[in-house]
Amino acid sequence: QMQLVESGGGLVQAGGSLRLSCAASGRTFSTYGMGWFRQAPGKEREFVAAISRSGGYTYYADSVKGRFTTSRDNADNTVYLQMNSLKAEDTAVYYCAAVFKMVSINRDEYVYWGQGTQVTVSP
């Protein structure tokens, strides 16, 4: 089992920034690709960003490309999501997740999930 704990969510005005963190424990972190997903009320959970095991490859949803950046620190078992130029439509619960392959943007391939952290962007 891998435990994932997100932090860093909160309320921010449009145009502002937040940095989410996800601390992992219980498994060898560097053997997992990591991803960020979000779920707004009444909507399905959607892909936001993914980062490969080594951190050398990153992928982003078109809706966040150029505004969000994901990174990881394998020595500290932590993955990050830096969110800039936030918009009201970014409001959602954000989840980090782990996939036992190099990297994936497919939600169904992820096996471990955090509990989520709320991000609210006021217009």
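Just above, that's the structure.
For the structure given in this document, a descriptive report is provided here. Remember, it's a predicted structure, so these values are computed and weren't measured experimentally.

**Describing the sheet that holds strand β8 (residues 78–83)**
At step 1: Pairing is antiparallel across the open sheet formed by four strands, whose spatial order is β1-β3-β8-β7. Among the strands making up the open sheet, the edge pair consists of β1 (3–7) and β7 (68–73). In this sheet, neighbouring strand axes are inclined to one another by 15° on average, regardless of whether the strands run parallel or antiparallel.
At step 2: Taken together, the six bridges between β7 and β8 define a ladder with antiparallel strand orientation. Opposite Arg 72, over in β8, you have Val 79 as the bridge partner.

**Regarding the pairing of strand β5 (residues 46–51)**
When a strand is regular, its side chains alternate between the sheet's two faces.
At step 1: The buried fraction of β5 is high, at five of six residues.
At step 2: As paired strands, strand β4 (residues 33–39) and β5 are joined by five bridges and run antiparallel to one another. Counterpart to Arg 38 in the pairing with β5 is Glu 46.
At step 3: Where β4 folds back on β5, the antiparallel hairpin that results is connected by six residues, among which Gly 42 adopts a positive phi of roughly 80°.
At step 4: Taken together, the three bridges between β5 and strand β6 (residues 58–60) define a ladder with antiparallel strand orientation. Following the sheet pairing, Ile 51 is matched in β6 by Thr 58.
At step 5: As consecutive antiparallel partners, β5 and β6 are separated by six residues, and within that stretch Gly 55 has a phi angle of approximately 90°, a positive value.

Analysis parameters
Residues numbered from 1 in each chain as written. Predicted model: local features only at pLDDT ≥ 70, side-chain atom pairs only at ≥ 80, totals over all residues. Heavy atoms only, no water. Pairing = 2+ DSSP bridges. Helix = DSSP H or I, 4+ residues; strand = E, 2+ residues; numbered from the N terminus. Axes fitted to C-alpha atoms, helices over the stretch in contact; angles between N-to-C directions. Buried < 20%, exposed > 50% of the residue type's maximum accessible area, 1.4 Å probe, protein only.

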